[in-house]
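Structural features, examined
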Number of protein chains: 2
Amino acid sequence: MSEVTLLVLDAEPPPRLGRLTGRARVIHADEASLAKQLPDADVLLVWDFTSHAVRRAWPGDGPRPRWVHTASAGVDHVLCPELVASDTVVTNARGIFDQPIAEYVAALVLAMAKDLPRTWDLQREREWHHRETQRVAGTRACVVGSGPIGRAIERTLKALGVRTALVGRTPRTGIHGPEDLDRLIARADWVVCAAPLTDETRGMFDERRFGVMQPSARFINVGRGALVVEKDLAQALSKRWLAGAALDVFEHEPLPPDSPLWDAPGLLVSPHMSGDTVGWRDDLGAQFVELFERWEAGRPLLNVVDKKRGYVPGR
Amino acid sequence: MSEVTLLVLDAEPPPRLGRLTGRARVIHADEASLAKQLPDADVLLVWDFTSHAVRRAWPGDGPRPRWVHTASAGVDHVLCPELVASDTVVTNARGIFDQPIAEYVAALVLAMAKDLPRTWDLQREREWHHRETQRVAGTRACVVGSGPIGRAIERTLKALGVRTALVGRTPRTGIHGPEDLDRLIARADWVVCAAPLTDETRGMFDERRFGVMQPSARFINVGRGALVVEKDLAQALSKRWLAGAALDVFEHEPLPPDSPLWDAPGLLVSPHMSGDTVGWRDDLGAQFVELFERWEAGRPLLNVVDKKRGYVPGR
């Protein structure tokens, strides 16, 4: 077997691929050079998971990698119709982000229930102002997205006593189908979005859906920015249709300095970091190396994306 | 049996005692009038649990209530040597605050692990600055105080995957004795203080103990302010002996506007509200009425304080 060419769409810091020495010829691309280098590669590692360059580069002529791995849970930035139609296998970083994101969502839920943002505003003013806050146990959450991240969020919220319903594309044991979504978000105290971005889910949280929620409800998005119609959320917050929201993901990242979202009333903004705990990049690298060794040995890959659906189908 | 006189050391809003109509003569005192009214009362309800007036008023002459109930978990503001020596029974609000305080501690732990205070500072600056944050699962906590509040904190942190050790006055199954304290805080990522304030615990968190902690550790106090030598904590934080702290209780409350604690580096200040979730005052009132009905019927009271130890002894 001739040496495998592994093309890495780079980002800083680069992946640690020392274990592949002598087994793969590692070449590097940036967004500009990707299209030109694709024909040379057997495998493409999308290490810069913020880039949409694969969608742009793939449609050109010539041979293409037989396997594309993205160091992210979402695959929307990779999939273009030509890649979907091809026989190239796409895999993702399923598993790495589940527990970190679940903890992050729990942090936001508790911080909002306990009114911590206002407490720290008052601290800055040196103002002692006692308030009553909310119990988290006994409240209701609706988690949208039934992949491993959504399920980890469900487990973590349940551990805090939150009555949590999970909504996925296909109803099955313990998971509601989309037909239950409006009913569930209408009575939820917490609506948490952890869905993949697909044609079906794009813009699913819009004016109508924010209108269905309780005025006391809070909305959290840790999926993809485009799942939410951002201007509808900003309007809903300013009309007090809901009590608060937290976005970790945005349609345009980084969020531009002049975005009105930075100071939308009751909106907490974080820079797409919910899953990124210390050591995450090493975990992503090690996961890729493990998959590479399976691929090299001819064993079945894990985390294989259903390219038509746009995510890794689960149990 | 002649009608019972119930004296209420008042605070706003007053307790709802409608159920005692016709069964108790309810009279009200403020801090100034308390000493004068004590001799008339069979029962004293310390509704203003922020007041130290009982400690000042009790030592005077004359008959004294046979039962004192404080609408708080801590009893340090009530117990004076004369009350301890008397045969008056003291009860507290054991049970009301356990889960709310445990949730509050979890909120602080997660907020610090996920660096939420800095995220919201950056939001104010409209600055997109991605950082790596910490996993909570797998970290170690040492919870000091093995009463129901400490045990609820332990359960909640364990549900988040935190390896949690509990320290109490008396070692027993699942609870370490004071001789283990220094060893446990030396390796803890989270040191949580939920101990009662007694002669033995006053100032227990001092320069020496902060020096024992890891530079990456965070300290949280939801017990009583005087458990901590506040200037030692401020110094330890400014010397970066520990990574952060959160105080919900202070030696002097409200914390004066000129206190250096408001802007001590890495210190989160909240106004003694960790246990006060919506409905808490009604819960406190209902608990007192329930105890009153036991007392009236000659049944044994619950939540009886061991006045020598300064808390309700537990399992």
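Under an unreviewed UniProt entry, the name given to chain A is D-2-hydroxyacid dehydrogenase, and the source organism is Streptomyces himalayensis subsp. aureolus. Annotation of chain A in UniProt includes, under Sequence similarities (unreviewed entry), the sentence "Belongs to the D-isomer specific 2-hydroxyacid dehydrogenase family."

So, about the sheet that holds strand S4 (residues 67–70) of chain A. Residues and elements named next belong to chain A. The strand order across the open sheet formed by 5 strands is S2-S1-S3-S4-S5, and the pairing between neighbours is parallel. If you trace the sheet from one side to the other, it starts and ends with strand S2 (24–29) and strand S5 (89–91), each paired once. Neighbour to neighbour, the strand axes of the sheet diverge by 20° on average, direction disregarded. Alignment of strand S1 (residues 4–9) against S2, held across 6 bridges, turns out to be parallel. Note that in S2 the partner of Val4 across the bridge is Ala24.

Take the relation of the copies chain A and chain B next. After a rotation of 180° and a shift along the axis of 0.0 Å, chain A superposes on chain B with an RMSD of 0.0 Å. Each copy turns onto its partner about a two-fold axis. A share of 100% of the interface residues of chain A reappears at the interface of chain B, consistent with the copies meeting face to face through the same patch.

All names here are of chain A. Examined against the element boundaries, Val4 turns out to sit in strand S1. According to the relative accessible area criterion, Val4 is buried, its value standing at 3%. Residues Val4 and Glu296, 292 residues apart in the sequence, show an inter-C-alpha distance of 8.7 Å.

Quick look at the pattern of salt bridges now. Counted under the stated rule, the structure contains 42 salt bridges over all chains. The partner of B:Arg281 in a salt bridge is A:Glu132, with the nearest N and O atoms 3.2 Å apart. Here A:Glu132 lies in the loop between helix H5 (116–124) and strand S6 (140–144) and B:Arg281 lies in helix H10 (residues 280–296), a pairing that spans two chains. In this structure, B:Arg124 and B:Asp121 form a salt bridge, with 2.9 Å as the shortest nitrogen-oxygen distance. Placement of the pair is B:Arg124 and B:Asp121 together in helix H5 (residues 116–124), with a separation of 3 residues, close to one helical turn. For B:Arg124, a relative accessible area of 43% gives the class partly exposed. With a relative accessible area of 34%, B:Asp121 lands in the partly exposed category. Several salt bridges share partner residues, and in doing so they unite A:Arg19, A:Arg23, A:Glu293 and A:Glu296 into one network.

All names here are of chain A. Considered domain by domain, chain A is made up of domain 1 (4–95 + 278–297) and domain 2 (97–269). Relative to domain 2, the C-alpha centre of domain 1 lies at a distance of 31 Å. Taken together, the contacts link 11 residues of domain 1 with 7 residues of domain 2. With both chains or domains summed, domain 1 and domain 2 bury close to 670 Å², and 57% of this area falls on carbon and sulfur atoms. When the buried surface of domain 1 facing domain 2 is broken down by residue, Asp76, Arg94 and Gly95 rank first, second and third, together holding 59% of it. Our enumeration of links across domain 1 and domain 2 arrives at 1 salt bridge. Across the pair Arg224 and Asp76 runs a salt bridge whose closest N-O atoms are separated by 2.9 Å. Connecting domain 1 to domain 2 are 2 residue pairs in polar contact (both at pLDDT 80 or more). In terms of residue class, the side of domain 1 that touches domain 2 is built from 5 nonpolar, 4 polar and 2 charged.

Quick notes on the rules
Per chain, residue numbering runs from 1 following the sequence as it is written. For naming, the first written chain is A and the first written ligand is 1, with later ones following in the order written. pLDDT decides what is reported in this predicted model: residues at 70 or higher carry local features, side-chain atom pairs at 80 or more are listed and counted, and totals for whole chains, interfaces and linings draw on all residues regardless. Each side-chain value is derived from all of the structure's non-hydrogen atoms; neither hydrogens nor water enter the calculation. UniProt positions are given in the numbering used here, feature names are shortened, and annotations may be inferred rather than shown by experiment. Whether two strands pair comes down to DSSP finding at least two bridges between them. Secondary structure is summarised from DSSP: a helix means a run of H or I of at least four residues, a strand means a run of E of at least two, and numbering begins at the N terminus for each. For helices, the fitted axis covers only the stretch in contact; all axes are lines through C-alpha atoms, and the angles between them, taken along N-to-C directions, range from 0 to 180 degrees. Least-squares fitting of one copy onto the other uses the C-alpha atoms of those residues that reach a pLDDT of at least 70 in both copies. Whether two residues are in contact is decided by their heavy atoms: any pair within 4.5 Å suffices. Only protein chains enter the accessibility calculation, which uses a 1.4 Å probe; a residue whose area is less than 20% of its type maximum is buried, one above 50% is exposed, and one in between is partly exposed. Think of a salt bridge as a Lys or Arg side-chain nitrogen and an Asp or Glu carboxyl oxygen that are within 4 Å of each other. What marks off one domain from the next here is an automatic or database domain assignment. Note on definitions: buried area is the accessible-area loss of two parts on being combined, 1.4 Å probe, summed for both. Under the rule applied, a polar contact is a pair of N or O atoms within 3.5 Å (in protein, one hydrogen donor and one hydrogen acceptor; residues adjacent in sequence only if both atoms are side-chain atoms). As a working rule, the residues Ala, Val, Leu, Ile, Met, Phe, Trp, Tyr, Cys and Pro are called nonpolar, Asp, Glu, Lys and Arg charged, and the rest polar, with Gly in that last group.

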